[in-house]
Structures are given as C-alpha cells and as structure tokens.
Amino acid sequence: MSYSVFRVEGVKNTSSLKGLCKHNKDRISNTNPDIDKDKSKDNIVLVECDSTYNKKFNEITKEMRIQHDERMKTMRADRVKSFDKSLDDSSSDVACEMLFTSDEKFFENMNKDQIRQWAQESLNFVTKDIGIKKENIIHAVVHMDEKTPHMHLSFVPITQDGRLCAKEILGNKKKLTWWQDEFWKHMAEKYPDLERGEAASLTGREHIPPRLFKEAAHLTRQAKQITDLLESTNIFNAGKNTDKAV
C-alpha cells in the first residue's frame, strides 16, 4: 500500500529563495547526488517561473512594496527600512515550499501524462481546498530526474487583506495535520489505493526536511571516502611501529 505525502516548509528570508531556485528550477545542487541531469528535460512544470524566484517574488509582492515605500516616507530617518530588509527582520516566513509525493510503487506503472495528472490534482488541492491563489505561486514543478517523482510548489503566503502571513493561511501544527488529512481525502477520490501517512505529531518523530537529510547523507559519504583514503595510504597506521626502532 502506498502513502500520500504532503509537507510544508517555511522560507525565512528572501536570500533563501536563491537556494530554492537553484535546486527546484536550475537543478544545481552540490549535496544531492540523486539528480540525473540527463532526465531533467523530462521534469513537468505546472506553474512556470520565467526568471528567478526572487524576481517572481518581487512581481507577486509589487503592491506590498509600493505600500511599504509610501509608509517609509512618513517615518523618521533612523527607522526607514527597505522592503526586503523589513521582511528579513520580521519573524514571518516570506514564502512557503510544499512537497507532494508518494513511494516508488505508486508511480511505477504511470507514464508521464499520468504523473502530470497526479500533480495537477495536488495543485488543485492547493488552489481550491487551501485557497492559495495561482498568481501567488512562484513555481510548481515535478522532478522526474530523481529516484521517485515529487512536486515542489513554492508560493507567497499573502492574506486576503494583503499581508504576508503563512500562519493565517496554513495555521499551526494541528491545522497542518488537518490539511494533510484533507490532502489524503482529496487524492483518495481518484487514487483509492493511497493511504494516509503517519503524522509526525502522532508518532513523536520530527520531520527532517528532504534537503537537510540529503545534505547529511552526502557529508556522511564524504567522511567515509576520506576515512577509506586515509586507511588505504596507511596514515592511520603511521607511527604504530616507531617504538620498535633499533
């Protein structure tokens, strides 16, 4: 039996959007050995990002930027901040990244069109069930160039009254668990074999973001390679026999 997987991570500042863009759009990563660049041409784009994530972010928040600059005109000189500086100093997330996937078994008999349909259903959940406007989505792409297909969807959490507030849109951890339940219900209508994955809040396990997990795995492999190299050149054994000198 396969499981429906839906995760959300907050993006804390605008500089972090650069790294997201490199990984999701440009497919540049020094810590993810799973990317098969020969297959990147098969990646499926549902919401295009013609430029960079930062430029798309600036387009989406254009009105907010104008309003901010107007407010700064009435501020004391020592309190004036640029729009980006104001965002980076805030505790609020400037964007959110969603991950949708399942296991290899779920995708094994699907062709590209069928995987696109699965991704479109996931996108429909975002726009129709959660209510995130498509014009606030920075990018949505299915990576077909790794072991298991998965969709990354990045969006700017703009509220109805024009503020950046991911918590107001997605809620707290309890509400996120509820959204995961709703996602499973939504997808199970078309994919009845899917089961609801275990919520981290119920198992007591903390979710590790995929990028951090892969970075840790990469560093572990590097450490092993260094250890093997040192052992092969007998550096570890050097000096063991120095006390036997005549």
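Our subject is the structure listed above.
Criteria and cut-off values
- Residues numbered from 1 in each chain as written.
- Predicted model: local features only at pLDDT ≥ 70, side-chain atom pairs only at ≥ 80, totals over all residues.
- Heavy atoms only, no water.
- Axes fitted to C-alpha atoms, helices over the stretch in contact; angles between N-to-C directions.
- Helix = DSSP H or I, 4+ residues; strand = E, 2+ residues; numbered from the N terminus.
- Contact = heavy atoms within 4.5 Å.
- Nonpolar A, V, L, I, M, F, W, Y, C, P; charged D, E, K, R; others polar.
- Phe/Tyr/Trp six-rings, centres within 6.5 Å; stacked < 30°, edge-to-face > 60°.
- Buried < 20%, exposed > 50% of the residue type's maximum accessible area, 1.4 Å probe, protein only.
- Salt bridge = Lys/Arg side-chain N within 4 Å of Asp/Glu carboxyl O.
- Pairing = 2+ DSSP bridges.
- Core = buried A, V, L, I, M, F, W, Y, C linked by side-chain atoms within 4.5 Å.

Undergrad: Just checking my understanding: could you explain the packing of helix α1 (residues 16–26) against helix α2 (residues 53–60) for this structure?
TA: Each pair of packed helices can be described by the angle between their axes along with the distance between the axes. Between α1 and α2, whose axes approach to 8 Å, the crossing angle comes to 115°. Contacts between α1 and α2 pair L17, K18, L20, C21, N24 and K25 from the former with Y53, N54 and F57 from the latter. Across the contact of α1 with α2, the residue classes tally to five nonpolar, two polar and two charged.

Undergrad: In this structure, what is going on with the packing of aromatic side chains? I would like to understand it.
TA: Aromatic ring pairs are described here by two measures, namely the spacing of the ring centres and the angle between the planes. For the structure on display, the rule yields ten aromatic pairs. The interplanar angle of 75° and the centroid separation of 5.5 Å between the aromatic rings of F106 and Y191 together place this pair among those described as edge-to-face. Here F106 is found in helix α5 (residues 104–107), whereas its partner Y191 is found in the loop between α8 (173–188) and β6 (194–196), with 85 residues between them in sequence. On the accessibility criterion, F106 (14% relative accessible area) is buried. On the basis of relative accessible area, Y191 is assigned to the buried category, the value being 16%. Through a chain of ring-to-ring contacts, the aromatic side chains of F6, F100, F125, W178, W179 and F183 assemble into a single cluster.

Undergrad: Please explain the pattern of salt bridges as it appears in this structure.
TA: Opposite charge on two side chains lets them pair, provided their charged atoms get close. What the rule picks out here adds up to 13 salt bridges. Here D93 makes a salt bridge to K12, at a shortest N to O gap of 3.0 Å. Taken together, the positions of D93 in the loop between α4 (83–89) and β3 (95–101) and K12 in the loop between β1 (2–11) and α1 put the pair 81 residues apart, joining distant regions of the chain. Using a relative accessible area of 16% as the deciding quantity, one classes D93 as buried. For K12, a relative accessible area of 52% corresponds to the exposed category. Overlapping salt bridges, with partners in common, bring together R27, D145 and E146 in one network.

Undergrad: What is the right way to look at the pairing of β1 in this model?
TA: Looking along a regular strand, one sees side chains alternate from face to face of the sheet. Of the pairings in the sheet, the one linking β1 to β6 comprises three bridges and is parallel in character. When the sheet's bridge partners are listed, S4 is paired in β6 with R196. The sheet contact formed by β1 and β3 spans seven bridges and is antiparallel. Each bridged residue has a counterpart across the sheet, and for V8 the counterpart in β3 is M98.

Undergrad: Would you take a moment to explain the nonpolar core for this structure?
TA: Soluble, globular proteins show a tendency: their nonpolar side chains are buried together. Counting 33 residues, the largest nonpolar core has M98, F100, W118, I130 and L153 as its most contacted members. The element best represented in this core is helix α6 (residues 112–130), accounting for seven residues. The contacts of I130, once residues within four sequence positions are left out, are F6, M98, F125, I169, L170 and W179. By size, the runner-up hydrophobic cluster in this structure holds 17 residues, among which are C21, A95, V156 and I158.

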